[in-house]
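Architecture at a glance
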Amino acid sequence: MARPRPTLPIEVDASAQQPLGMPAADFLRDYWQKKPLLVRNAFPGFVSPIEPEDLAGLACEDTALSRLIQHDRERDAWKVRHGPFAEEEFPGLGDHDWTLLVQDVDKWDADIAALLSRFDFLPRWRIDDVMVSFAATGGSVGAHVDQYDVFLLQAQGHRRWQIDTRDAPPLHFRKDVELRLLQRFTPDHDWVLGPGDMLYLPPGVPHHGVAEDPCLTFSVGMRAPSAAELLGDFVDTLASESDDGLRYADPDLEPARDTNEIDAAAMQRAVEALNVLRMNDPDRLGDWFGRFVTLYRSSGEAVPADDGRSRIEIEWDLQQGHMLHRHPWTRMAWRRATRGARLYAAGHVYELPVRDAQAIAAAPVFDGTAYAKLSDRGRDAVYDLLAGGHYHLAEPDGGAP
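Residues numbered from 1 in each chain as written. Predicted model: local features only at pLDDT ≥ 70, side-chain atom pairs only at ≥ 80, totals over all residues. Heavy atoms only, no water.

**Remarks on the overall build of the chain**
When helices and strands are counted, the chain shows 11 helices and 18 strands. In terms of principal-axis extent, the alpha carbons of the chain reach across some 75 × 70 × 60 Å. In the chain, buried positions account for 43% of the 401 residues. Carbon and sulfur atoms make up 52% of the accessible area of the chain, which totals about 22000 Å². (Helix = DSSP H or I, 4+ residues; strand = E, 2+ residues; numbered from the N terminus. Buried < 20%, exposed > 50% of the residue type's maximum accessible area, 1.4 Å probe, protein only. Areas by Shrake-Rupley, 256 points an atom, 1.4 Å probe, with all protein chains shown as cover.)

**A closer look at the packing of helix H5 (residues 227–241) against helix H7 (residues 282–294)**
Geometry of a packed helix pair, given as the angle between the helix axes and the separation of the axes. Where H5 meets H7, the closest approach of the two axes is 11 Å, and the angle between their N-to-C directions is 125°. Between H5 and H7, the interaxial angle falls into the category oblique. When you trace H5 past H7, the crossing you get is right-handed. Together, Glu 229, Leu 230, Asp 233, Phe 234, Thr 237, Leu 238 and Glu 241 of H5 and Arg 284, Leu 285, Trp 288, Phe 289, Arg 291 and Phe 292 of H7 make up the contact between the two elements. (Axes fitted to C-alpha atoms, helices over the stretch in contact; angles between N-to-C directions. Parallel < 35°, antiparallel > 145°, perpendicular 65-115°, else oblique. Left-handed = near helix turned anticlockwise from the far one by under 90°. Contact = heavy atoms within 4.5 Å.)

**Considerations on unusual backbone geometry**
In most cases, non-glycine residues show a negative phi, while peptide bonds are predominantly trans. Omega for the bond connecting Gly 83 with Pro 84 falls within 30 degrees of zero, at 10°, which places this linkage in the cis form. Counting through the fold element by element, Pro 84 comes out in the loop between strand E4 (77–82) and strand E5 (98–102). Of note in the backbone geometry, Asn 41 takes a positive phi value of approximately 60° without being a glycine. Mapping Asn 41 onto the fold places it in the loop between strand E2 (37–40) and helix H2 (52–59). On the accessibility criterion, Asn 41 (37% relative accessible area) is partly exposed. At Asp 97, a residue that is not glycine, the phi angle is positive and equals roughly 65°. Mapping Asp 97 onto the fold places it in the loop between E4 and E5.

**With respect to the sheet that holds strand E13 (residues 323–326)**
Pairing is antiparallel across the open sheet formed by three strands, whose spatial order is E17-E13-E18. At either margin of the open sheet sits one strand with a lone partner, and together these are strand E17 (365–366) and strand E18 (391–394). Here four bridges tie E13 to E18, and the two strands are oriented antiparallel to one another. Paired with Met 323 across the strands is Ala 394, a residue of E18. Where helix H8 (residues 311–319) meets the sheet, its contacts fall on E13, E17 and E18, and the angle it forms with E18 comes to roughly 55°. Taken strand by strand, helix H11 (residues 376–387) contacts E13 and E18, and its axis lies near 90° from that of E18. (Pairing = 2+ DSSP bridges.)

**Some points on the pairing of strand E6 (residues 127–135)**
Within E6, nine of the nine residues are buried, which leaves the element mostly enclosed by the surrounding structure. Of the pairings in the sheet, the one linking E5 to E6 comprises four bridges and is antiparallel in character. Residue pairing across strands places Leu 101 opposite Ser 133, the latter belonging to E6.

**Some remarks on the packing of aromatic side chains**
Across all of its chains, the model carries 19 aromatic pairs by this definition. Centre to centre, the rings of Phe 27 and Phe 151 are 6.0 Å apart; their planes meet at 40°, and the pair counts as tilted. Here Phe 27, found in helix H1 (residues 24–30), pairs with Phe 151, found in strand E7 (residues 150–156); they are 124 residues apart in sequence, far enough to count as distant. The buried category is assigned to Phe 27, whose relative accessible area is 0%. The buried category is assigned to Phe 151, whose relative accessible area is 1%. Residue placement shows Arg 180 over the ring face of Phe 173; its charged tip is 4.0 Å from the ring centre. For the cation-ring pair, Arg 223 lies above Phe 292, with the distance from its terminal atom to the ring centre recorded as 5.3 Å. (Phe/Tyr/Trp six-rings, centres within 6.5 Å; stacked < 30°, edge-to-face > 60°. Lys NZ or Arg CZ within 6 Å of the ring centre and 35° of its normal.)

**Focus: the environment of His 327**
One can find His 327 in the loop between E13 and strand E14 (332–336). Separated by 37 residues in sequence, His 327 and Pro 364 place their C-alpha atoms 8.3 Å apart. Not counting chain neighbours up to four residues away, the residues in contact with His 327 comprise Glu 301, Ala 302, Gly 389, His 390 and Tyr 391. Polar contacts involving the side chain of His 327 include one to the main-chain amide nitrogen of Trp 329, which spans 3.0 Å. (Polar contact = N/O pair within 3.5 Å; in protein donor to acceptor, adjacent residues only side chain to side chain.)

**Topic: H2**
Turning to H2, its buried residues are Pro 52, Leu 55, Ala 56, Leu 58 and Ala 59. Seen from one end, H2 has its buried residues packed into an arc of 160°, which puts them on one side. In this structure, the buried side of H2 is in contact with strand E3 (66–72), E5, helix H3 (105–108), E6, E7 and strand E12 (215–222). (Arc of directions from axis to C-beta.)

**Focus on the nonpolar core**
Grouped together as the largest cluster of nonpolar side chains are 45 residues, with contacts concentrated most on Phe 27, Leu 55, Leu 100, Phe 151 and Phe 218. Elements represented by at least two residues in this core include exactly E2, H2, E5, E6, E7, strand E10 (198–201) and E12. Judged by nonpolar contacts, the second largest core, of 22 residues, contains Leu 343, Ala 345, Ile 360 and Leu 386. (Core = buried A, V, L, I, M, F, W, Y, C linked by side-chain atoms within 4.5 Å.)

**Re the pattern of salt bridges**
Across all of its chains, the model carries 29 salt bridges by this definition. Taking the shortest distance from any N to any O, the salt bridge between Arg 124 and Asp 120 comes out at 2.9 Å. Residue classification places Asp 120 among the exposed positions, given a relative accessible area of 52%. Residues Arg 291 and Glu 241 are paired through a salt bridge, measuring 3.6 Å at the closest nitrogen-oxygen approach. (Salt bridge = Lys/Arg side-chain N within 4 Å of Asp/Glu carboxyl O.)

Structure representation (structure tokens):
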């Protein structure tokens, strides 16, 4: 008789050797998209690289995606406002029951972006952003579910998290608020997280976080496009690339028994007409997905810069110690192709040797030595991306040339 598998723990302690409290392979096998996991001391001695004042300042920027959520406990009413906000608004918010959330903080702050290296056991293109929230005491966004994986890292203060791990929990939403809040929430786990603690939640797990005191929480969210998003973009790509000469055809047509009927033969021809458009070429299919997944959903994007510098001048600057810094909104990934590799950068595709594609996708900063190691095609791709605003040239001390 087979032995029953031991019950997996829902709470573990991290160590220097195992930041997830276990090998990454075990986490992916047993928890990823399957079970929640609380990792105590995942970031030991963690000190937040930003302060609440920094987050408030960012929420005042026109191009930052920010929300302010306030909760009236007496009436159980919720109010949601979207940024940008004026600085003078924050002192009047009071000391309880409100939350400020700013998305994509990793695109604005290099220290926040550096935290993503701790998640290198996941494909980087799967990571969407680091959202940072500041909550006054009692602040919350209500009980809800997310349709993507998220790691909730406590950065400052303390937050109480409650989750419901039961199979098929009720997922009916309130209709009286702008937020998608659950009508009913019955938690079966309850924890208070302090700085450095991290809670992993797979998609679909109801959860509710409430600030025990003023606190900062970093949410590392995964990109999980819906099937409808994938299908919509896929169909748009097929349609834009299709030959207008490919049409519904019926050379085998026979006399109609009923001139108003769409018969089975007609439906089969319709299916065959659609099948002609299928991407049977794996490189073509891979190029579609690579372009799709490296296009960012936000309004932030690279803008071409015309500083008048020639390629010879730029390459000379790199030899003298200047560096190319990737634009924070430019996502990259690569894929092995039938021949060589494809590099995908913000929806663009480049055919490159595997070594070049790996090197460019992995390096947020390029110095002269790394640039010189690229092939001619690799250097062409980098220069093209620079011209498109996906890199900027900086002096060794970080300044522009």
